[in-house]
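Report on the structure
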Amino acid sequence: MGQIKLSEQNIVNALCLHIAHKRQIKPQEVEIELLYDDDYGFSAEAYIHDRKQILITANLIEAIRFWLETEMNIDPFAAAIELVLDEDEGIISLIN
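So, a few notes on the structure that sits alongside this text. (Residues numbered from 1 in each chain as written. Predicted model: local features only at pLDDT ≥ 70, side-chain atom pairs only at ≥ 80, totals over all residues. Heavy atoms only, no water.)

In this section: the overall build of the protein. Looking only at helices and strands, one finds two helices and six strands in the protein. Starting at the N terminus, the α and β elements of the protein follow one another as β-α-β-β-β-α-β-β. Whereas a compact globule of 96 residues would reach a radius of gyration of roughly 12 Å, the protein reaches 13 Å, a difference of no more than 12%. Its C-alpha atoms give the protein principal-axis dimensions of about 40 × 30 × 20 Å. Counting every position in the protein, which comprises 96 residues, the buried fraction comes to 41%. Considering only contacts within the protein whose residues lie at least 6 apart along the sequence, 45% involve residues at least 24 apart. Put simply, the protein shows about 6,100 Å² of open surface, and 44% of that area lies on carbon and sulfur atoms. Across the protein, the 7 positively charged side chains and the 18 negatively charged ones have centroids separated by 10 Å. (Helix = DSSP H or I, 4+ residues; strand = E, 2+ residues; numbered from the N terminus. Rg over C-alpha atoms; globule rule 2.2 N^0.38 Å. Buried < 20%, exposed > 50% of the residue type's maximum accessible area, 1.4 Å probe, protein only. Contact = heavy atoms within 4.5 Å. Areas by Shrake-Rupley, 256 points an atom, 1.4 Å probe, with all protein chains shown as cover. Lys, Arg positive; Asp, Glu negative; His and termini not counted. Charge placed at Lys NZ, Arg CZ, Asp CG, Glu CD.)

Spelled out as structure tokens, the structure:
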């Protein structure tokens, strides 16, 4: 498979698709803000119909696995997924 790099936008898209799938709504109904904190690591805030949901790192990884399976046709559990804070590109994901 080689290494795949997911951009910040693709991570947001993966989260929107995954949350929409779980809640049986349209991906366009989900807004995402990715966050990084030195103490807590990676997280995100999801806004669905004016309600906020906090997503932890495990939720982000779960959404990326969902995206790999549904959008890329890649076995999501054969992939090693790493979230990285890149100076230029923001929050990205490296997948091996």
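Moving on from the model shown.
What follows deals with the environment of Ser93. Counting through the fold element by element, Ser93 comes out in strand E6 (residues 90-95). Note: C-alpha distance between Ser93 and Ala58 (35 residues apart in sequence) is 13 Å. With sequence-adjacent residues up to four places away left out, Ser93 is seen in contact with Ile4, Lys5, Leu6, Ile11, Ile64, Ile81, Glu82 and Leu83. Here the side chain of Ser93 touches Glu82 through a polar contact of 3.4 Å, landing on its backbone oxygen. (Polar contact = N/O pair within 3.5 Å; in protein donor to acceptor, adjacent residues only side chain to side chain.)

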